[in-house]
Every structure is written in C-alpha cells, then in structure tokens.
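Chain by chain, the residues:
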Amino acid sequence: MEKSPDAFRTISEVADELNVPQHVLRFWETRFTQIKPMKRAGGRRYYRPADVDLVRGIRVLLYGEGYTIRGVQKIFKDDGAATIVAIGRGEAKARKPELLAEKAPPPGMAKAAPRIVKAVAPPVGRAPLARPIGEAPKVIHKLTGGQTDTLKAALRDLTDARKLLDPTTR
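What you are looking at is a predicted structure, and each value in this text was computed from that prediction instead of being measured.

(A) Geometry of the overall build of the chain. Scanning the chain for helices and strands turns up 6 helices and 3 strands. Reading the helices (α) and strands (β) of the chain from amino to carboxyl end gives β-α-α-β-β-α-α-α-α. Expressed as a percentage of its 170 residues, the buried residues of the chain come to 22%. The long-range fraction of contacts in the chain, counting pairs at least 24 apart against all pairs at least 6 apart in sequence, stands at 51%. Accessible surface computed for the chain: about 13,000 Å², of which carbon and sulfur atoms make up 58%.

(B) Region of the structure containing the packing of aromatic side chains. The tally for this structure, following the rule as stated, stands at 2 aromatic pairs. Note on Phe32 and Phe76: the rings are 5.7 Å apart at their centroids and 45 degrees apart in plane angle, and the pair reads as tilted. One end of the pair, Phe32, is in the loop between helix H2 (22–31) and strand E2 (38–39); the other, Phe76, is in helix H4 (residues 69–79), with 44 residues separating them in the sequence. According to the relative accessible area criterion, Phe32 is buried, its value standing at 0%. A residue is classified by how much of its surface remains accessible, and Phe76, at 7% relative accessible area, is buried.

(C) Fine view of the environment of Val20. By the secondary structure assignment, Val20 is in the loop between helix H1 (11–18) and H2. Measuring from C-alpha to C-alpha, the distance between Val20 and Arg56 comes to 9.8 Å, with 36 residues separating the pair along the chain. Once you skip the residues sitting within four places of it in the chain, Val20 turns out to touch Ala15, Leu25, Trp28, Arg59 and Tyr63.

(D) Highlighting the side chain of Thr10. Locating Thr10 in the fold gives a position in strand E1 (residues 9–10). In this structure the side chain of Thr10 is engaged in a polar contact, spanning 3.1 Å, whose partner is the side chain of Ser12. Thr10 has contacts with Arg44, Arg45, Tyr46 and Tyr47, leaving out every residue within four places of it along the chain.

(E) Broad picture of the packing of helix H3 (residues 49–64) against helix H5 (residues 81–89). Running from N to C, H3 and H5 point in directions that differ by 80 degrees, and their axes come no closer than 7 Å. The angle between the axes of H3 and H5 places the two elements in the roughly perpendicular class. When H3 is examined against H5, the residues Ala50, Asp53, Leu54, Arg56, Gly57, Ile58, Val60 and Leu61 are found in contact with a partner set consisting of Ala81, Ile84, Val85, Ile87, Gly88 and Arg89. The residue inventory of the contact of H3 with H5, partitioned by class, reads 9 nonpolar, 2 polar and 3 charged.

(F) Highlighting the pattern of salt bridges. Applying the stated criterion across every chain, the model contains 7 salt bridges. With a shortest N-O distance of 3.9 Å, Arg9 and Glu17 are connected by a salt bridge. Ionic pairing is found between Lys74 and Asp78, a salt bridge with its closest N-O pair at 2.8 Å. Residue Lys74 and its partner Asp78 are located together in helix H4, separated by 4 residues, close to a single helical turn. On the accessibility criterion, Asp78 (41% relative accessible area) is partly exposed. Here the salt bridges share partners, and the residues they tie into one network are Arg9, Glu17, Asp53, Arg56 and Arg89.

(G) Layout of the nonpolar core. By size, the foremost hydrophobic cluster in this structure holds 25 residues, and its most contacted members are Leu25, Trp28, Ile58 and Val72. Of all the secondary structure elements, the ones that give two or more residues to this core are H1, H2, H3, H4 and H5. For this core, the leading source of residues is H3, giving 6 residues. Apart from the residues lying within four places of it in its own chain, the contact partners of Val72 are Phe32, Ile58, Leu61, Leu62, Tyr67 and Ile84.

Quick notes on the rules
- Residues numbered from 1 in each chain as written.
- Predicted model: local features only at pLDDT ≥ 70, side-chain atom pairs only at ≥ 80, totals over all residues.
- Heavy atoms only, no water.
- Helix = DSSP H or I, 4+ residues; strand = E, 2+ residues; numbered from the N terminus.
- Buried < 20%, exposed > 50% of the residue type's maximum accessible area, 1.4 Å probe, protein only.
- Contact = heavy atoms within 4.5 Å.
- Areas by Shrake-Rupley, 256 points an atom, 1.4 Å probe, with all protein chains shown as cover.
- Phe/Tyr/Trp six-rings, centres within 6.5 Å; stacked < 30°, edge-to-face > 60°.
- Polar contact = N/O pair within 3.5 Å; in protein donor to acceptor, adjacent residues only side chain to side chain.
- Axes fitted to C-alpha atoms, helices over the stretch in contact; angles between N-to-C directions.
- Parallel < 35°, antiparallel > 145°, perpendicular 65-115°, else oblique.
- Nonpolar A, V, L, I, M, F, W, Y, C, P; charged D, E, K, R; others polar.
- Salt bridge = Lys/Arg side-chain N within 4 Å of Asp/Glu carboxyl O.
- Core = buried A, V, L, I, M, F, W, Y, C linked by side-chain atoms within 4.5 Å.

Spelled out as structure tokens, the structure:
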C-alpha cells in the first residue's frame, strides 16, 4: 500500500525517494535552517510534503546545477525558500549565478610592479624554485593579521606536503 501524497515521510523514505543518504539529509538540516522536519519522541524525523519539495530543490541545486552550499544559502537569502520549493516541484528553474564582474584591486595593490626573482638551481629531479625554502620574501604590500595568519597556515601545509612528496627527506 502506497502512502498518500499528503502523508508525512520518514527520513529513510525521503532518502530513498531522492537517492540521497540519510546522513546527508541530517547534514543539510545543519546547513539550511529552513529544513525543519517534525521530530517525535526519540528524535524520529517526519518530513511534510513541503519539506520534501524543499529538500528536493536543494538536491537539484547542489547535484544537478552544481551550486555550492554557500550558493544555495545565498538563493535562500535572496529569493526565499518558496523559490527552492518551486525548483523542487519542477515549477521553476534555477537562476544562473551572475558572472563575477572583475573587481578593482584593493587600495595600495593597483599598480604593483612585478618582481623579478633570480631562479635558484633546483635539486636533481625537481622544478626550479623562485627562492630557496625558508628565505623570507620581500614584503611589497601590508597584510592584515588575519591574512598573515592564513598565509602562514597555507605555507605550513605546503611545507608539510613537500616533505611528504620529497624522497630525499624521508
């Protein structure tokens, strides 16, 4: 016996219908506050038909249209949940994201002259480096503390990756 179209669905029924694992639906609930299935005693989730359409719309945007979670969140913010429900029902098409206009560089970075760096002879089997590892770059632009921390973390990650990939350091 099949359920009525207006009947509530369990998370396993929604997962099967949309071909999405249950843990993904639970994850989406943490990223999209608009997904609010009813929860009964014991935490069992029951999705209303509108909830299913909303989740279906999110699935279409993420898997079918290639949006990121942040992109879908922007659609929620800009166009509202009704648009995503309509996409889930097949009544609307996903709008194409606007092409990013080329932005002007931040102040102080507009006309930086390119630096010419003398190449260092690489170890055998490796590409030349712009400067030896560990040598501090010449500071051209002032960075904020957050930018500096981000760059330092990225440098640590890259240095660790180089150590893993370089056979001479094993």
